[in-house]
Every structure is written in C-alpha cells, then in structure tokens.
Amino acid sequence: MTLQKTQITGSEALLRILIEEGVDTIFGYPGGQIIPVFDTLYDFKDQLNHILTRHEQGAIHAAQGYARVSGKVGVCFVTSGPGATNVITGIGDAMLDSTPLVVIAGQVGASLLGTDAFQEIDVVGITQPITKWAYQIRRAEDIPWALARAFYIARSGRPGPVMLDFTRNSQVQKVDIEYKPCDFIRSYIPVPKINATQIEEAAELINSAKKPLALVGQGVVLSGAEEELKAFLEKADIPAGNTLLGLSALPSDYPLNKGFLGMHGNIAPNIKTNEADVIIAIGMRFDDRVTGDLTKYARQAKIIHIDIDSSEIGKNVPVAVPVVGDAKEVLQVLTLKINEAQHTEWITSFDKYEKLEFERVIEKEIHPTGEHLTMGEVVRRVSEATGNKAVLVTDVGQNQMMASRYFKYSQTRSIITSGGLGTMGFGIPAGMGAKVGAPERTVCLFCGDGGFQMTLQELGTIMQEQIGLKMIIMNNQYLGMVRQWQELFFDERYSFTEMTNPKFTLIAQAYGIGTSEVTKREDLDAAIADMLKDDKPYLLVVNVEQKGLVYPMVPAGACITDIITSQGKLFE
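Here we summarise the structure given alongside this text. (Residues numbered from 1 in each chain as written. Predicted model: local features only at pLDDT ≥ 70, side-chain atom pairs only at ≥ 80, totals over all residues. Heavy atoms only, no water.)

Topic: the overall build of the protein
Phase 1 of the analysis: Looking only at helices and strands, one finds 24 helices and 22 strands in the protein.
Phase 2 of the analysis: When each of the 572 residues of the protein is scored for burial, the buried share is 60%.
Phase 3 of the analysis: For the protein, contacts bridging at least 24 residues in sequence account for 76% of all contacts bridging at least 6.
Phase 4 of the analysis: A total accessible area of about 22,400 Å² is found for the protein, and carbon and sulfur atoms account for 50% of it.
Phase 5 of the analysis: One way to put it: in the protein the 53 positive side-chain charges average out to a point 2 Å from where the 68 negative ones average out. (Helix = DSSP H or I, 4+ residues; strand = E, 2+ residues; numbered from the N terminus. Buried < 20%, exposed > 50% of the residue type's maximum accessible area, 1.4 Å probe, protein only. Contact = heavy atoms within 4.5 Å. Areas by Shrake-Rupley, 256 points an atom, 1.4 Å probe, with all protein chains shown as cover. Lys, Arg positive; Asp, Glu negative; His and termini not counted. Charge placed at Lys NZ, Arg CZ, Asp CG, Glu CD.)

A closer look at the sheet that holds strand β9 (residues 212-216)
Phase 1 of the analysis: Read across the open sheet, the six strands follow the order β11-β10-β9-β12-β13-β14; overall the sheet is parallel. Of all strands in the sheet, those bounded by a partner on one side alone are β11 (257-260) and β14 (321-324). Pairwise comparison of adjacent strand axes, ignoring direction, gives a mean angle of 20° for this sheet.
Phase 2 of the analysis: In this structure, strand β12 (residues 278-282) lies alongside strand β13 (residues 302-307), joined through five bridges in parallel fashion. Paired with Ile279 across the strands is Ile303, a residue of β13. (Pairing = 2+ DSSP bridges. Axes fitted to C-alpha atoms, helices over the stretch in contact; angles between N-to-C directions.)

Focus: unusual backbone geometry
Negative phi values dominate among residues other than glycine, just as trans dominates among peptide bonds.
Phase 1 of the analysis: A cis amide bond, omega -5°, links Tyr551 with the succeeding residue Pro552.
Phase 2 of the analysis: Tracing the sequence through the fold places Pro552 in the loop between β20 (538-543) and β21 (564-566).
Phase 3 of the analysis: Unusually for a residue other than glycine, Gln7 sits at a positive phi of about 50°.
Phase 4 of the analysis: When you line up the elements, Gln7 lands in strand β1 (residues 3-9).
Phase 5 of the analysis: A positive phi angle is found at Asp491, which is not glycine, with a value near 55°.
Phase 6 of the analysis: With respect to the element layout, Asp491 can be found in the loop between α22 (480-489) and α23 (504-510).

Describing helix α1 (residues 10-20)
Phase 1 of the analysis: Summarising burial for α1: eight of the eleven residues are buried, a large majority.
Phase 2 of the analysis: In the stretch just after α1, Gly22 is the one whose phi turns positive, near 85°.

Section: empty space enclosed by the protein
Phase 1 of the analysis: All told, the structure shown has one cavity of 30 Å³ or more when counted by the stated rule.
Phase 2 of the analysis: There is about 80 Å³ of room inside the largest cavity.
Phase 3 of the analysis: Along its surface, the largest cavity is lined by Arg68, Gln218, Val221, Leu245, Ser248, Arg413, Ile415 and Ile416.
Phase 4 of the analysis: For the lining of the largest cavity, the residue count by class is four nonpolar, two polar and two charged. (1 Å grid on protein atoms, 1.4 Å probe; cavity = no way out; pocket = protein on both sides within 12 Å on 5 of 7 lines; lining within 4 Å. Points joined across faces, edges and corners; volume = space filled by probe spheres on them. Nonpolar A, V, L, I, M, F, W, Y, C, P; charged D, E, K, R; others polar.)

Remarks on the pattern of salt bridges
Phase 1 of the analysis: Going through the model one piece at a time under the given rule, you end up with 26 salt bridges.
Phase 2 of the analysis: Across the salt bridge formed by Glu21 and Arg155, the nearest N and O atoms sit 3.0 Å from each other. Separated by 134 residues along the polypeptide, Glu21 in the loop between α1 and β2 (25-28) and Arg155 in helix α7 (residues 143-155) bring together distant segments of the chain.
Phase 3 of the analysis: The exposure class assigned to Glu21 is buried, which follows from its relative accessible area of 12%.
Phase 4 of the analysis: Judged by its relative accessible area of 40%, Arg155 is partly exposed.
Phase 5 of the analysis: Across the pair Glu487 and Arg483 runs a salt bridge, and its minimum N-O distance is 2.6 Å. Taken together, the residues Glu487 and Arg483, both in helix α22 and four residues apart, mark about one turn of the helix. As far as burial versus exposure is concerned, Glu487 and Arg483 are alike and both buried.
Phase 6 of the analysis: The network of salt bridges with shared partners includes Arg158, Asp309, Glu312 and Lys315. (Salt bridge = Lys/Arg side-chain N within 4 Å of Asp/Glu carboxyl O.)

Re the side chain of Thr131
Phase 1 of the analysis: Mapping Thr131 onto the fold places it in the loop between α6 (123-127) and β6 (133-137).
Phase 2 of the analysis: Non-local contacts of Thr131, meaning those with residues more than four positions away in its chain, are made with Ile91, Met95, Pro161 and Met163.

Description of the layout of surface pockets
Phase 1 of the analysis: The space that makes up the second largest pocket amounts to roughly 500 Å³.
Phase 2 of the analysis: What lines the second largest pocket is a set of 21 residues, among which Gly259, Asn266, Ile362, Arg405 and Lys408 lie closest to the centre.
Phase 3 of the analysis: For the lining of the second largest pocket, the element with the highest residue contribution is helix α16 (residues 350-366), accounting for five residues.

Description of the nonpolar core
Phase 1 of the analysis: The biggest cluster of nonpolar side chains holds 58 residues, and the ones touching the most others in it are Phe232, Leu233, Ile282 and Ile304.
Phase 2 of the analysis: In this structure, Phe232 is in contact with Ile206, Ile238, Ile280, Ile282, Leu331, Leu334, Thr335 and Ile338, ignoring residues within four places of it in sequence.
Phase 3 of the analysis: In this structure, Ile91, Leu101, Val391 and Leu445 belong to the second largest nonpolar core, which totals 47 residues. (Core = buried A, V, L, I, M, F, W, Y, C linked by side-chain atoms within 4.5 Å.)

Some thoughts on the sheet that holds strand β17 (residues 443-448)
Phase 1 of the analysis: The strand order across the open sheet formed by six strands is β16-β15-β17-β18-β20-β19, and the pairing between neighbours is parallel. With partners counted over all chains shown, the strands left at the sheet margins are β16 (415-416) and β19 (514-518), one partner each.
Phase 2 of the analysis: Sheet topology note: the strand β18 (residues 470-475)/β20 ladder contains six bridges and is parallel. If you follow Met474 over to β20, its bridge partner there is Val542.
Phase 3 of the analysis: In the packing of helix α24 (residues 524-532) onto the sheet, the strands contacted are β18, β19 and β20, and the crossing angle to β20 comes to about 165°.

Points about helix α5 (residues 88-96)
Phase 1 of the analysis: Of the positions making up α5, those classed as buried are Gly90, Ile91, Gly92, Asp93 and Ala94.
Phase 2 of the analysis: Residues of α5 that are buried in the fold lie against α3 (56-70), β5 (101-107), α6 and β7 (161-167).
Phase 3 of the analysis: Phi for Ser98, located one or two positions after α5, is positive at around 55°.

Side note on the packing of α16 against helix α18 (residues 398-406)
Two quantities define a packed helix pair, namely the angle between the helix axes and the distance between the axes.
Phase 1 of the analysis: Contact geometry of α16 with α18 gives a least axis separation of 12 Å together with a crossing angle of 110°. Between α16 and α18, the angle is such that the two are roughly perpendicular. Taking contact as the criterion, the partners of Glu357, Val361, Ile362, Glu365 and Ile366 in α16 are, on α18, Met402, Arg405 and Tyr406.
Phase 2 of the analysis: Partitioned by chemical class, the residues of the contact of α16 with α18 number five nonpolar, no polar and three charged. (Parallel < 35°, antiparallel > 145°, perpendicular 65-115°, else oblique.)

Written as structure tokens, this is what we have:
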C-alpha cells in the first residue's frame, strides 16, 4: 500500500494518510492552531467521520472506548495549549491500560516555538513519560514519516498512545508525499522472538503441577488469543481467574473460568492464588489491586509469567520462568508441549468458596430482601435483559466494581473500564466511543452520580450524533467508593462525600434523550425493557441504597486472602 500525491498541504497529507491507515472515525475539538486541518477535513467528510465532542477529555476517552471495543487505533484531534493539556488524563489512562491511540495536537508555528506564544506549551515534554512515543512535526515533509511510525508504534507489541505535536506551518506548507506504512523501526522489537528454552521450562513446570492456576489479563484480548487460551486450559485442565480488564477474555459461564481476581474479586480465585503450586500469568502485570501485600502473595507458587513486555516480568513478583512474547503465539507453542491432564480434585476445591460467596454476598446483592434497590441487582437485571451479550462500559468507583462483578460476558471485548488510572468521568465518553466502534452491539454504561457529572456535557455529543448508548446512573447521592473507605477505615467520618444532585432526567430531557427514573423494585424490569426497546440513546436513573458496600473486599495493602465479606468481618 503506497500513497503518492504531488503538492498538497500538510493538512491534506495528514488526512490522506489517516485514510490509508484504515481510520474511519476521529474524535476531536477544533481550535486556533489546528484550524487548517479542520478546514481541509471539510472536504473529506465522505471518507472520515469526525465526531465533535464537548470537551477534549471527552474526545480522548471516546477514542479509547472506540479502540478498546473495535481493536483499531483510536484517533483524536485537539488544538494547542489547553486543548492538548485537556487530553493528558486520557493519554495516561491509555498508557496504563495499553490502549492504541494516535493523538494529533495543533501547535504554534515553528518560528514561534519557545517564545511563550499564545497557547504554546511543551506538549512533547509533558507527554513523553506517558506515551509510547511523542514527536513534534515541524516540517510538512516529515508528516509521512511521523504518521507511519505513529500508527506502527501505537498498534504493535504492547499497544499504547502516541502524541504528535503538529506545528501550524507544517499544516499549511505544500509538499510532495509518498507514503508507505511502517513495519520496522531499528531497536524497537514489538514482538520478541519466543525463546524455546523458556517454553520447555514452562511446560515442565505445568506438567509437574498438582494445583495449577492461570491468571488471565487483557493481554489475551489484545493478542486475539481467546481460543488459544481455551485450548491451553482445557488440555491441562487448569482453572483460571481474570483481572478486571481481562474479564471478557473467557465467557462468564466457561467451566474453567473461576472469576474475578483482586480487591473486589471473587473469593475462590483469591484464596486459591495462595494455594496454587504453579501460577501461569498471561498478559497481566500483577497490579497491586490484584496482589495485595506482595510479601504474602503466592509465596508457595512457582510463577510462569507470559507477557509481550519484558519490563513487566519480575517487576512486582519473583518469576520462576519468564516467557517473553505475544500471548497468542506463546500459547500455541506451549499447548503443544504440555501434557493432557486432569486436576479434578483441585478444581472441585473452588466450589466450597463459590458456594460461601454466593450465600454471604452474591445472593444478598442480587436478590435483596430490603426495601431499597441494590447496585448488584440492577446490573444483573440489565445484563440478563440483553441476553448477556452487551458491551459493559463503566465509570469508576462502586459502580465499576459492582458492574464488573455482576455483569455477565458471553463474547470478547465486552468490558470497557478505566483500570490502571481509575479515571472518574471516563464512562460517558468511553461509552459513546464504544457504541461508535461497535454500532451493531448493545452498549450499556453504568455510572455513579459523581462520575456522571464529571463529563455529562458529552450528552450534547450523544444528542447531536444520536449515539444509541444506554446509560444507567446508580444514584446513591454519595461518592460511594470513598464513602465506603470512610465507613470501614476512617471511623465513619464522611468528609465531603455526600452529594446533592440535580434532577438527572430533566438534564436528559433537555438534550432530547429518552429517560426514566426508578426507585421501586417492581418498576425496574419495565424501565429496563423500555430502555432497550430500540437503538436510541437513553438514560435510566436508578435510586439505589445510599450506603451499600461492595463486598468481598481485600483492604489496601492486606494479604489477598484477608477478605472482608461483611462490615468489618474477615472471611473464614
């Protein structure tokens, strides 16, 4: 694929290259130093769909949601100065969660750089620590080279965000371009060659294991290794736990899927992590929310860590066998080397903890006997009403943990949430980006009343584009997760977490979005059915119990088996 054009502006070169790279959608917000690009975009409306968000943070979170659900590179246009700085949170979020983005920010002309010109800021200096690559384009002739590298770096290996700082002069200069996509950069090895010795050592450990456990991360999804994972687990009869971002790598009802790992995860995989003799970590990074106290984490286990990013291996936990490589390729080779096995007694030992968690936590959450609706029952009813086939998008906080726990997943790329950075306000824009990226799927967003208000201006984008996002506010009139910590660990000193909220349904009506509000349990199913009856945007406000708590919970810094299942009580 080669593009050749004679004497076109840098702005036109940019847009033609985006088309060559397969870009069909851009999220953005115009401004002074990127006007030439937007002026040229006027002539490309039939080839590039630009979605005008209401804030630059909305643009980048939308690009994230689009990328996560589609597997494509998300693209975002912003102007210089505050436009560029407003996407910093999203860039950091994308870096921690391995989301492929190319962010193009306008910049003052090259002759003004370093003069503190109006809306000039050192975008490259700010973003270098939180991107895979940041580069300033100062001449139009550098555009093809920079764009080719940007897309290659963003999507290859462990994906991530790239920032291009696009000076105004390079947008208007005329240039002859010849564009060839990049597939090689010296010293950059996105997919390391698999080491045969590492595979042999890993297979030997797995074949000798009596209590093996797989920890499944988002790397499985990013590499498209879902079927390879199943073949691996089934051949050696290995149970699996999932990180937050890895939750939809396996269907919820898959027999070897033992649930959610970490602070608000399921009891069984957390307990069994500290009983397993061999742990196979696949495309995950041993985040502190998964491990708890590292000095007490899986000390009895020999750990095999499979990851495409060698810097993650050994960073947090000691590893017996590192396997550096793409998860799909590694699992294909490793599955050939392992023996068929049965670990019936080991797998059956999870049942006791699953039963206890259902009795002590899940049953009370999804079938409550109290007067007030609970978050868990709302999530479960919405999931079931979609046939468990919808894409789940969440904001951050109690709504995130409840939604992740009680939503059911039947296909991959079905959870879009802010993992590493935990960004409140992520939900609405990420949800609309996910719907644009997967228009054929139902996309359900769960928000708390706090996070919803951080980016509710994006209802304007949803209105203008008629994006059929289904939004559910679980309204408890608190910053719920902070309030939970205050209740459990700060002597119920609820310092600045109670919220006086507006009438959310009136706000939705102002934007022409269908809406309803539910307080009584008997009204919930009908409201959900009304929300899902068509593909139009909808806001459902559910008033839930004010002081609900997310259980189980491993207190921050505690051992992963120190699990609280009710107020102040450790699981026994």
